[in-house]
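# Survey of secondary and tertiary structure
Listed below, chain by chain, are the residues.
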Amino acid sequence: MQRVHRLGIVVRESASLYRTTFTDRNIGLLLGAGFVSEIGDWFNAVTLLALSYEYGEGATGVGGMLAVRMLTRLVLQGPAGSLVDRHPGRRLLFASELLMAVIATAFVLLARFPGLWLLYLLVILLEATNCIARPAFMVELRDEAAEDQRSAANGALFASMTTAQLVGPLLGALVLVPFGPTVVFVLNGVTFLAVALAVALLRGGLGGVPAGRQQAPAAEPSAEFPAAAPPGYRWLLQRRDLALYALVSLCLALLVQATITLFVSRADALGLGEGGIGIFYAAVAAGSIAGSIIAGASARFAAPLFPAAVAMGLCAVALALFGWVDGVVLAIAALIVAGFMTDFYEVVGLAYFQQSMPGSVYGRFFSVFLIALSAGGLVGALAGPALEVSVGVAPTLLALAAPGLVFAILLALLSREWQATAVERRPGA
């Protein structure tokens, strides 16, 4: 009975935190605009997959389009993060969203000049601009939220992204079939305009400065991370916590992407047929939404790296089990757990680094995170099918899960040591 009472208190506190976060006008505007933009992205993705297949006369065109997107991120995300940190403010976010609206709408040129080269060129331009827009958006969201609201804002954002991933492709397909790709591209451009408008409507307008940026909270100096260290990528990667967190994130992104490429094989093996793919995606999404919401509510009490590391290890174990279990129910349960742990460790990890580093390098930090995810995804998309042909699904997922699990355990052990050291160094400890 006492446990039920405590659980009720936690639920009420969490609901109150989310309610307070959403009633903040600026945070609400940004989260709403981000959700609309994410749906627009999936509108665009459905159409680009169809056109790439048509222009490339098969799956080669689709693979080329996806490779172009990932390679653009890998090459430009680093410089883009530096640009965001060197020019903080709403104007850069507004300009990048406005430019993305123009480029997204320019895809209508494909109706007049159909060709794979033009499609690839526009994809590169859109992805290059997005390399600026994403960290700029995250910096603005971080600075708009009070310190005790940041985890909730992150949780709400990640939950909305997963929801958009479920809704966006379906809506995109519903528009594409009767109206054609031109209408889809125009609608995608409108979604980016919506984000630009939301930024312009923030309190203070485009020249406004959020409270978080006015205070410019810096990380507590220590022997390991001295305040005098130059704020840049070298300084960031010298942080053992960030370097190891990024490494585990890369390993798990590799594992997740490889698992997705093997969804068809697992669905066939479990007797689900092609419909099993949709069931698998839905299972991951259900877990992801729950993980985002719970992490956003709980990370406000403290933002240690240990829970994130534990979630990383459990994610690796769950995906390895997905390849081994025989029953449909167990396979779906494994994917739900994997989805939960993925969003949980991302939200808790973001909360940890938001509190432990200067805001002046947050754009670069988030770019490191994006680069790790893109690099892992690119390798996983190639490694999964290649290994599956040689050794089968189960050994492939086990082999690819092993590095992530090992590094996650190392991160968990070291995070406890770092936390204890930080407590000892506090004044009065």
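Each remark here, short or long, concerns the structure printed above.
In what follows, the accompanying structure is described. In this numbering scheme, every chain counts its residues from 1 along its sequence in written order. It should be noted that, the model being predicted, local features are given only for residues of pLDDT at least 70 and side-chain atom pairs only at 80 or more, the latter also being counted only at that level, while totals for whole chains, interfaces and linings use all residues. Computation of side-chain values: all heavy atoms of the structure, hydrogens and water removed.

### A look at the packing of helix H2 (residues 25-55) against helix H6 (residues 116-144)
Lines fitted to C-alpha atoms define the axes here, with helix axes fitted over just the stretch in contact, and angles between the N-to-C directions of these axes take values from 0 to 180 degrees. Secondary structure elements are taken from DSSP: a helix is a run of H or I of four residues or more, a strand is a run of E of two residues or more, and numbering for both begins at the N terminus. Orientation of H2 relative to H6, taken along the N-to-C sense of each, is 165°, at an axis distance of 12 Å. Looking at the two axes, H2 sits roughly antiparallel to H6. Of the two elements, H2 crosses H6, and the hand of that crossing is left-handed. In contact with Asn26, Ile27, Leu30, Leu31, Gly34, Asn44, Leu48, Leu51, Ser52 and Tyr55 of H2, H6 contributes Leu116, Leu119, Val123, Leu126, Phe137, Glu140, Leu141 and Glu144. What sets the label is the angle itself: under 35 degrees gives roughly parallel, over 145 gives roughly antiparallel, 65 to 115 gives roughly perpendicular, and the rest give oblique. Each helix crossing is assigned a hand: it is left-handed if the near helix lies turned anticlockwise from the far helix by less than a right angle, otherwise right-handed if that turn is clockwise. Working rule for contacts: check all heavy atoms of both residues, and any pair within 4.5 Å makes them a contact.

### Comments concerning the pattern of salt bridges
For salt bridges, the criterion is a side-chain nitrogen of Lys or Arg within 4 Å of an Asp or Glu carboxyl oxygen. On inspection of all chains with the given rule, the structure shows 8 salt bridges. Between Asp24 and Arg203 there is a salt bridge, and its shortest N-O distance comes to 3.8 Å. Taken together, the positions of Asp24 in the loop between helix H1 (2-23) and H2 and Arg203 in the loop between helix H8 (181-200) and helix H9 (211-215) put the pair 179 residues apart, joining distant regions of the chain. With its nearest N and O atoms 2.8 Å apart, the salt bridge here joins Arg73 to Glu127. Residue Arg73 is found in helix H3 (residues 59-86), and its partner Glu127 is found in helix H6; the two are separated by 54 residues along the sequence. Throughout this description, buried means an accessible area under 20% of the type-specific maximum (1.4 Å probe, protein chains only), exposed means over 50%, and partly exposed covers the range between. In this structure Glu127 comes out as buried when scored by relative accessible area, which is 6%.

### Regarding the packing of aromatic side chains
Centres within 6.5 Å are what make two rings of Phe, Tyr or Trp a pair, Trp counting through its six-membered ring; a difference in plane orientation under 30 degrees is then read as stacked, over 60 as edge-to-face, and the rest as tilted. Per the stated rule, a full pass over the model turns up 13 aromatic pairs. A centroid spacing of 5.0 Å and a plane angle of 35° characterise the contact between Phe353 and Phe365, whose relative ring orientation is tilted. On the criterion of sequence distance, the pair formed by Phe353 in helix H15 (residues 328-356) and Phe365 in helix H16 (residues 362-391) is long-range, its members being 12 residues apart. What makes Phe353 buried here is its relative accessible area of 0%. For Phe365, a relative accessible area of 1% translates into the label buried. An angle of 40° between the planes, with centres 5.4 Å apart, marks the rings of Tyr362 and Phe365 as tilted.

### Focus on the nonpolar core
Tyr245, Phe365 and Leu411 are the most contacted members of the largest nonpolar core, which totals 80 residues. At 12 residues, the largest contribution of residues to this core is made by H15. Setting aside residues no more than four positions away along its own chain, Leu411 makes contact with Asp241, Leu244, Tyr245, Val248, Leu305, Ala309, Met312 and Trp418. Within this scheme, the nonpolar core is defined by two criteria: the residues are buried Ala, Val, Leu, Ile, Met, Phe, Trp, Tyr or Cys, and they are joined through side-chain atoms within 4.5 Å. Of all hydrophobic cores here, the second largest spans 19 residues; its members include Val68, Ala101, Ile103 and Phe192.

### Quick look at a nonpolar patch on the surface
Together, Leu166, Val167, Leu170, Leu171 and Leu174 give the surface a local cluster of nonpolar side chains, amounting to about 420 Å² of exposed area. Counting through the fold element by element, Leu166 comes out in helix H7 (residues 150-179). Only residues whose relative accessible area exceeds 30% and that take part in no salt bridge are eligible for patches, with like-charged residues grouped when within 9 Å of each other and nonpolar side chains (Val, Leu, Ile, Met, Phe, Trp, Tyr) grouped when within 5 Å. All accessibility values rest on the Shrake-Rupley procedure with a 1.4 Å probe; residue burial counts only the protein chains present in the view.

Purely geometric stuff here, so don't read any function into it on its own.
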